[in-house]
Structure formats: C-alpha cells, structure tokens
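# Examining the three-dimensional arrangement
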Amino acid sequence: MTEVIRSAASLREKVSAWKRSGMLVGVVPTMGALHDGHLSLARAARAQSDRVIVTIFVNPMQFNNPEDLKKYPRDEAHDLALLEAEGVDVLFAPGPEEVYPEGFATKVSVAGVSGPMEGAFRPGHFDGVATVVTKLFGMTQAGRAFFGEKDWQQVQVVERLVRDLNIPIRIIPCPTIREADGLAMSSRNVRLTAEERALAPALHGAMQGAAAAIRGGAPVEAALGEARAAVLAAGFSGVEYLDLRDAETLEVATALDRPARLLAAAVLGEVRLIDNIAV
Ligand code: AMP
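All values derive from a computational prediction rather than experimental measurement.

Of all hydrophobic cores here, the largest spans 42 residues; its most connected members are I53, F92, F137, F147, I169 and I171. Of the residues forming this core, the biggest block, eight residues, is contributed by helix 7 (residues 125-140). With near-sequence residues (within four places) excluded, I53 lies in contact with L11, V15, W18, V25, G26, V27, V28, V90, F92 and T140.

Here it is in structure tokens:
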C-alpha cells in the first residue's frame, strides 16, 4: 500500500522512524501526471533504497508562464494507482500552503548553470526548482534523490546546489525514457494534437543527425544550423535553442575535447518540448 501524506510534520515522523531503524530513504520529486519516465525513476529508487517516497507538487514558483501552470495536467488518483503498482511506500503530495506558508520569504538561486537555455527562456524557473528541491530534501530527509536526464540542465543545477549547501543527499541521474518513435516522454505531450504528436519526433531526429555529423567531424555550427532548420521544416513554430554544450558546466562547446551534450527546446503548437542527448 502506498500511503498518501500531505503534511511535512507527518512525513517527518514517518521518515524519522525509518531512519532510526537504519533504512536508506530514496525520493523521486515530480509534478505528477506520471508516465513511464517517472516510473523508471521510482523503479531505480526501489532498487537502490529501503524506502521510497515519490513527491507530487506542481510548484507554482517554477512556472514563468501562468497559462502553462493552469493547463498543467493533474490526475492524482491515477498517479497513486501507478505508484502502488511500483511498490512506492509514500506519496507525499502537499498543497501549496504546506510548501509556501504565509510569510515564506526564502529563495534558493544557483548562479552559472542556471543561466543559459532554460534559464534564459524561462526566467525564474530554476530559482523555483532550486527552492522547492531544497525544501523537498529538507522535508523528506532522503539519502538519495532520483532525477531524469530528460531535464539535463536541472540535474546540473541540483547537483551544484547540493554541493554548495552541503545537503547530505546523493543525486542519481537516470536515463531519458522515450516513446517508440524517439519522442522523450513528458507530461506535456498529452497537450499535443494528433497531428503535432506525429511531427514531434522530428526534434529528436534532427538532434541525432547533428550529433552524428559532429561526431563524424562536421563543423559544429554548420551541424547545429542544419538541425535547427530541419526542426522548423518539420512544422515546429520555433527553436528556442539547439546548442552543443559542455555536459557539466553547460558552457558553449565548439569541439569534442570534453564530454558534450546537445540540448534543445522547440515549440510545437502550444507545447514547448525539450530534449538532450550525449554527443
Ligand atoms: P516532472 O514531473 O516533469 O517535474 O519530472 C519529474 C522527474 O521525472 C524529473 O527528474 C524529470 O527529469 C523526470 N522525467 C521526466 N520525463 C522523463 C523521461 N522521459 N525520462 C526520464 N525521466 C523523466
């Protein structure tokens, strides 16, 4: 049975008892509308921890676009059934007043890795992420936290903040889960029309093309330019960025002398899709 807990105080009691008996607690932070990507994190947590907490909190602080927050899909009953099937011990689903009570005044802000890409196109997004993740680590007291590489920049932000603030938790990045046609799973994919859904894998396709070209020695800017053009030609209305970056510092990479990552965000209809792959 997955127990649903909504208050930080009840969660703390539960986790303290687990930790007194020497158990390792794993946490998977999510915003719900769960799909196989999220469940892969729950499975990794199940395999690598004694007790598993999945959190569901649609964090208003990390939405720069009020429409996106309003339209964000929510279905807690269905999510709970999925978590039951994965043997998750606790679903922690606090309301906004539990996370941000009256008088809340603190913001966690990670410089550097938060700046480009998602940080540039979604101002304030990573402050919201860093603040809520810091709170969730404090509330769950977990020893391990599982994050998806689908949000590569987010993983870098969280790893930086854990190091900088000496938070005693280990961050475990987990691979991106994709649909059969290559589209990275995302809660927002349900907002694509059938026609858009058919076009959506073009983003990943163009990225794979660019990665192969760069690996094969093609000039980086030319390969990226071609991929951007291919995404637009496929029917996307805009490419916010499609960049080659240092995998860790996220600084622009112009050669493959260090581990590099290709990262992109593009708009299809009313949905903004992101993806990233190793090069
Ligand atoms: P979200 O609910 O979108 O905030 O995502 C919660 C966690 O699930 C984050 O760590 C995401 O990176 C991860 N996640 C989302 N989509 C995927 C995916 N397709 N594969 C792996 N992890 C994912």
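What follows concerns the sheet that holds strand 7 (residues 238-246). Reading across the sheet, the three strands line up as 7-8-9 and stay open at both edges, with antiparallel pairing between neighbours. The open sheet has two edge strands, strand 7 and strand 9 (271-278), and neither has a second partner. Between one strand axis and the next, the sheet turns through 10° on average, direction left out of account. Bridge analysis of strand 8 (residues 260-268) against strand 9 gives eight bridges, and the strand direction is antiparallel. Each bridged residue has a counterpart across the sheet, and for V267 the counterpart in strand 9 is R272. Packed on one face of the sheet, helix 10 (residues 202-215) meets strand 7, strand 8 and strand 9 and runs near 30° to strand 9.

Attention now goes to the UniProt feature "binding site: beta-alanine" (unreviewed entry) in the protein chain. If you check UniProt for "binding site: beta-alanine" (unreviewed entry), the listed places come out as Q62 in our numbering. One can find Q62 in the loop between strand 3 (51-56) and helix 3 (66-71). In this structure Q62 touches M31, R122, H125, G128, V129 and V132, once residues within four positions along its chain are discounted. Looking at Q62, its side chain comes within polar contact range of the side chain of N59, at 3.0 Å.

Attention now moves to the pattern of salt bridges. One pass over the structure, following the stated rule, counts 21 salt bridges. A salt bridge links D243 to R228; its shortest N-O distance comes to 3.7 Å. Taken as a pair, D243 in strand 7 and R228 in helix 11 (residues 220-233) lie far apart in primary sequence, 15 residues in all. Taking the relative accessible area as the measure of exposure, R228 reaches 24% and is therefore partly exposed. Taking the shortest distance from any N to any O, the salt bridge between R258 and D246 comes out at 2.6 Å. In this pair, R258 sits in the loop between strand 7 and strand 8 while D246 sits in strand 7, placing the two residues 12 residues apart along the sequence. Residue classification places D246 among the buried positions, given a relative accessible area of 9%. Here the salt bridges share partners, and the residues they tie into one network are E67, K70, K71 and E270.

This part takes up the packing of helix 1 (residues 8-20) against helix 7. Two packed helices can be described by the angle between their axes and the distance between those axes. Two elements in contact, helix 1 and helix 7, have axes whose closest approach is 8 Å; the angle formed by their N-to-C orientations is 50°. Here helix 1 is positioned oblique relative to helix 7, judged by the angle of their axes. Packed against helix 1, whose contacting residues are A8, L11, R12 and V15, the element helix 7 presents G138, M139 and T140 at the interface. Residue composition of the contact of helix 1 with helix 7, grouped by class: four nonpolar, two polar and one charged.

For the ligand, the set of nearby residues contains 17 residues, the closest of which are H38, G148, D151, I177 and M185. The backbone of M31 places a nitrogen or oxygen atom 2.9 Å from an oxygen atom of the ligand. Residues belonging to the shell around the ligand are distributed by class as follows: eight nonpolar, seven polar and two charged.

With that settled, consider the domain arrangement of the protein chain. Domain boundaries assigned for the protein chain yield domain 1 (3-174) and domain 2 (187-278). With centres defined by C-alpha atoms, the gap from domain 1 to domain 2 works out at 26 Å. In this assembly, domain 1 packs against domain 2 so that about 1800 Å² is buried in total across both faces, 55% of it on carbon and sulfur atoms. For domain 1, the biggest contributors to the area lost against domain 2 are M117, F121 and W152; these three give 34% of the whole. Note that D68 and R191 form a salt bridge whose closest N and O atoms lie 3.1 Å from each other. Elements with a contribution of two residues or more to the side of domain 1 that touches domain 2: helix 3, helix 6 (118-121) and helix 8 (152-164). Here the side of domain 1 that touches domain 2 gets three residues from one element, more than from any other, and that element is helix 8. Split by residue class, the side of domain 1 that touches domain 2 holds nine nonpolar, five polar and seven charged.

For the rest of this paragraph, the subject is the packing of aromatic side chains. Pairs of aromatic rings are described using the distance from one ring centre to the other and the angle between the two planes. Applying the stated criterion across every chain yields a total of five aromatic pairs. Judged by centre distance (5.6 Å) and plane angle (80°), the ring pair of F63 and Y72 falls under edge-to-face. Taking relative accessible area as the criterion, F63 reaches 10% and is therefore assigned buried. When its relative accessible area of 7% is taken as the criterion, Y72 is described as buried.

What counts, and where the lines are drawn
Residues numbered from 1 in each chain as written. Predicted model: local features only at pLDDT ≥ 70, side-chain atom pairs only at ≥ 80, totals over all residues. Heavy atoms only, no water. Core = buried A, V, L, I, M, F, W, Y, C linked by side-chain atoms within 4.5 Å. Buried < 20%, exposed > 50% of the residue type's maximum accessible area, 1.4 Å probe, protein only. Helix = DSSP H or I, 4+ residues; strand = E, 2+ residues; numbered from the N terminus. Contact = heavy atoms within 4.5 Å. Pairing = 2+ DSSP bridges. Axes fitted to C-alpha atoms, helices over the stretch in contact; angles between N-to-C directions. UniProt positions renumbered as here; feature names shortened; annotations may be inferred. Polar contact = N/O pair within 3.5 Å; in protein donor to acceptor, adjacent residues only side chain to side chain. Salt bridge = Lys/Arg side-chain N within 4 Å of Asp/Glu carboxyl O. Parallel < 35°, antiparallel > 145°, perpendicular 65-115°, else oblique. Nonpolar A, V, L, I, M, F, W, Y, C, P; charged D, E, K, R; others polar. Near = heavy atom within 4 Å. Domains from an automatic or database assignment. Buried area = accessible area lost by both parts, 1.4 Å probe. Phe/Tyr/Trp six-rings, centres within 6.5 Å; stacked < 30°, edge-to-face > 60°.

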